[in-house]
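Structural overview for review
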Amino acid sequence: MTCTPAPACPHCGWPDQAAPFQVLSRHDTADGRTTWTRCACGSLQVRLLDARGTRVVSRSRPARPVEQPCDR
């Protein structure tokens, strides 16, 4: 028997079904419910909840960190 790894963020490896993620908005649609979330690494994700369950259907790269000026 082979095990299929749980889906995870390709940027930080955090499992898709685990917290923390920040819920930004939720929208009911004809297909179910769409939820926009932000992963702990900053990646924006679109999650779809329908008859098949919840899954991430799209995600962005994490935002680039803001560079701080050097102290001289």
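Nothing here was measured: the structure is a model prediction, and the numbers come from that model.

**Here's the deal with the overall build of the protein**
Helix and strand content of the protein: zero helices and four strands. In the protein, the order of α-helices and β-strands from amino to carboxyl end is β-β-β-β. Buried residues in the protein amount to 18% of all 72 residues. Intrachain contacts of the protein at a sequence separation of at least 6 include 21% that bridge at least 24 residues. Counting only carbon and sulfur atoms, one obtains 55% of the accessible surface of the protein, whose full area is about 5,800 Å².

**Some words on empty space enclosed by the protein**
Considering all chains together, one arrives at one cavity of 30 Å³ or more under this definition. Taken as a whole, the largest cavity holds about 30 Å³ of empty space. For the largest cavity, the full set of lining residues is C9, W14, P15, D16, A18, P20, F21, C39, Q45, R47 and R59. For the lining of the largest cavity, the class distribution of residues is seven nonpolar, one polar and three charged.

**A few points about the environment of D50**
Mapped onto the secondary structure, D50 falls in strand β3 (residues 44–50). In this structure, the C-alpha to C-alpha distance between D50 and T29, residues 21 residues apart in sequence, is 9.7 Å. Beyond its immediate stretch of four places on either side in the chain, D50 contacts D31 and R55. Of the polar contacts made by the side chain of D50, one reaches the backbone nitrogen of R52; its length is 2.9 Å.

Analysis parameters
- Residues numbered from 1 in each chain as written.
- Predicted model: local features only at pLDDT ≥ 70, side-chain atom pairs only at ≥ 80, totals over all residues.
- Heavy atoms only, no water.
- Helix = DSSP H or I, 4+ residues; strand = E, 2+ residues; numbered from the N terminus.
- Buried < 20%, exposed > 50% of the residue type's maximum accessible area, 1.4 Å probe, protein only.
- Contact = heavy atoms within 4.5 Å.
- Areas by Shrake-Rupley, 256 points an atom, 1.4 Å probe, with all protein chains shown as cover.
- 1 Å grid on protein atoms, 1.4 Å probe; cavity = no way out; pocket = protein on both sides within 12 Å on 5 of 7 lines; lining within 4 Å.
- Points joined across faces, edges and corners; volume = space filled by probe spheres on them.
- Nonpolar A, V, L, I, M, F, W, Y, C, P; charged D, E, K, R; others polar.
- Polar contact = N/O pair within 3.5 Å; in protein donor to acceptor, adjacent residues only side chain to side chain.

Note that all results are geometric; they support no functional claim without further evidence.
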